[in-house]
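Here is how the chains run, residue by residue.
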Amino acid sequence: MPEDVVQHPRPGPAAPPDREKPRPKRTSRDPYFDNAKYLTIVLVACGHAWEPLTYGSRAATAAYLTVYAFHMPAFALISGYFSRSFDMAPGRLKRLLTGVALPYVVFETAYTLFYRWAQDDPGYPLSLLDPWYVMWFLVALFIWRLTTPLWLMLRHPLPVALGLAMLAAVSPDLGGDVSIQRVLGFLPFFVLGLTLRADHFDRLRTRRVRLGLLPVGLGALLAAYLVAPWFDAGWFYHRGSVTGQGVSRWAGLLTTPALFVLAVLLTACFLAWVPRRHLWFTALGAGTMYGYLLHGFVIKWARFREWYAVEWLHTPLGELTVTALAVGGITLLCTSPVRAVLRCVVEPRMEWAFRQRDAAPSTTETQQKGPSRAPGS
């Protein structure tokens, strides 16, 4: 998903690699993370497609609640894991601008124009400070990544991030600009990703852990089915303070860490069962940014045109059909032809907009001048 949602090659381990072993090429990608990104974007598309089916279907509601309990936290966690190397270097800042900021401006504008046309509302306002629908995640990713050096500098970043999320949950007057509630609400998952290392994922993928987590995931699905008639999925959105759920504002001091633990546990269940080998959909993991940005048009068009008013869609067969269409649609949007057409706005190079960095001085020049200061200072 966004940023690379995350389109980086697999980061190297924290410790120096064994010099006796051949070093992998920097351009190689880990199929495990590409598989995880593809399966996560599939869950995002399914969750959005299922939402209209939750009115009157307990099974659809249970599936919806289960997915929403962890799919965006998983996205944020993976994004954090691939942000560990962000250090404000010019090249990385450039990628942040071209890979996150520019797509946000382009697609936020496109979504606004789409709404004006589809709803025949030419006066619908365009505001870059008020992300529409799925665009909030790009704003959050931009802010999270800019603050990455700060989180990496802290000795205990996760408790600080969780404290900020709790503060947001008990602050009904925080405001809605740049989706700040969601930025802070999902921040702990991004910071958790920053603290993870490759061996943490390796431990998840052992047979013992996978089998141990399987009943946890099934138990969560059963619990979601039991609470489906009365539980509000708004608890997972982090759109505002907990007062919007009809409870005391101070309830956020308990519900925020509880939902965090639940999301981390379910994310672990999900990541434990992500395939490690190269599969037919592995290559699609590099195109999740495209699927994320584009699928919202399809989902909203279906809602605007009231396609869900067809009664048979609310039958078990109809629900399976909607699921199949969501999986097929998001898969198509992640394919190479779509990426080739839209790369100019999703992953533009924009070399013309940036200054060329001066060439590094030769070794002879450096020796003649002497070591004046440390590199990068």
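As the structure is a computational prediction, the values presented were derived from the model and not from experiment.

Novice: Explanation requested: the overall build of the protein in the structure shown.
Specialist: Of the regular secondary structure elements, the protein holds 16 helices and zero strands. Contacts in the protein between residues far apart in sequence, at least 24 positions, make up 82% of those at least 6 positions apart. When the accessible surface of the protein is split by element, carbon and sulfur atoms take 63% of a total near 20000 Å².

Novice: In this structure, what is going on with the packing of aromatic side chains? I would like to understand it.
Specialist: Scanning the entire structure with this criterion turns up 35 aromatic pairs. Judged by centre distance (5.7 Å) and plane angle (80 degrees), the rings of tyrosine 115 and phenylalanine 304 are edge-to-face. Remark: phenylalanine 304 occurs in helix α13 (residues 288–304) and tyrosine 115 occurs in helix α4 (residues 90–118); sequence separation between them is 189 residues. Of the residues examined, tyrosine 115 reaches a relative accessible area of 18% and is grouped as buried. For phenylalanine 304, a relative accessible area of 17% puts it in the buried group. Members of the aromatic cluster, each reached through a chain of ring pairs, are Tyr111, Phe114, Tyr115, Trp117, Tyr124, Trp132, Tyr133, Phe297, Trp301 and Phe304. Directly above the ring of tryptophan 273 sits arginine 210, whose terminal nitrogen or CZ lies 4.4 Å from the centroid.

Novice: Looking at this structure, I do not really get the environment of proline 125. What am I missing?
Specialist: As for its position among the elements, proline 125 is in the loop between α4 and α5 (136–146). For proline 125, a relative accessible area of 56% corresponds to the exposed category. In the structure, proline 125 is positioned 16 residues away from threonine 109 in sequence and 10.0 Å away in space, judged by C-alpha atoms. The contact partners of proline 125, leaving out residues within four places of it in the chain, are Thr112 and Arg116.

Novice: I'm lost on the confidence of the model for the protein in this one. Help?
Specialist: The predicted structure's coordinates, where accompanied by low pLDDT, should not be read in detail. Averaged over the protein, the pLDDT score is 88; the fraction of residues at 70 or greater is 87%. Taken as a whole, residues 2–26 scores under 50 in pLDDT and shows 56 contacts with residues more than four places along the chain or in a different chain. Every residue in residues 359–377 is under pLDDT 50, and counting partners more than four places away or in other chains gives one contact.

Novice: Which parts of the structure should I look at to understand the packing of helix α1 (residues 31–50) against α13?
Specialist: Helix packing geometry: the angle between the two helix axes and the distance between the axes. Between α1 and α13, the shortest axis-to-axis distance is 10 Å and the interhelical angle comes to 10 degrees. Considering their axes alone, α1 and α13 lie roughly parallel with respect to each other. Together, Lys37, Tyr38, Ile41, Val44, Ala45, His48 and Ala49 of α1 and Thr288, Tyr292, His295 and Ile299 of α13 make up the contact between the two elements. Taken together, the residues that form the contact of α1 with α13 break down as seven nonpolar, three polar and one charged.

Novice: Looking at this model, I keep getting lost on helix α2 (residues 58–68). Mind explaining?
Specialist: For α2, the tally of buried residues reaches eight of eleven residues, placing the bulk of the element in the interior. Burial in α2 covers these residues: Ala60, Thr61, Ala62, Tyr64, Leu65, Thr66, Val67 and Tyr68. Tucked into the core, α2 has its buried residues touching α1, α3 (71–81), α11 (207–227), α12 (252–272) and α14 (316–333).

Novice: What should I look at first to understand the side chain of threonine 66 in this one?
Specialist: Its location among the elements puts threonine 66 in helix α2. Overall, threonine 66 belongs to the buried group, its relative accessible area being 13%. Contacts of threonine 66, omitting those with residues within four sequence positions, involve Ala220, Leu221, Ala224 and Leu266.

Conventions adopted
- Residues numbered from 1 in each chain as written.
- Predicted model: local features only at pLDDT ≥ 70, side-chain atom pairs only at ≥ 80, totals over all residues.
- Heavy atoms only, no water.
- Helix = DSSP H or I, 4+ residues; strand = E, 2+ residues; numbered from the N terminus.
- Contact = heavy atoms within 4.5 Å.
- Areas by Shrake-Rupley, 256 points an atom, 1.4 Å probe, with all protein chains shown as cover.
- Phe/Tyr/Trp six-rings, centres within 6.5 Å; stacked < 30°, edge-to-face > 60°.
- Buried < 20%, exposed > 50% of the residue type's maximum accessible area, 1.4 Å probe, protein only.
- Lys NZ or Arg CZ within 6 Å of the ring centre and 35° of its normal.
- pLDDT = per-residue confidence, 0-100.
- Axes fitted to C-alpha atoms, helices over the stretch in contact; angles between N-to-C directions.
- Parallel < 35°, antiparallel > 145°, perpendicular 65-115°, else oblique.
- Nonpolar A, V, L, I, M, F, W, Y, C, P; charged D, E, K, R; others polar.

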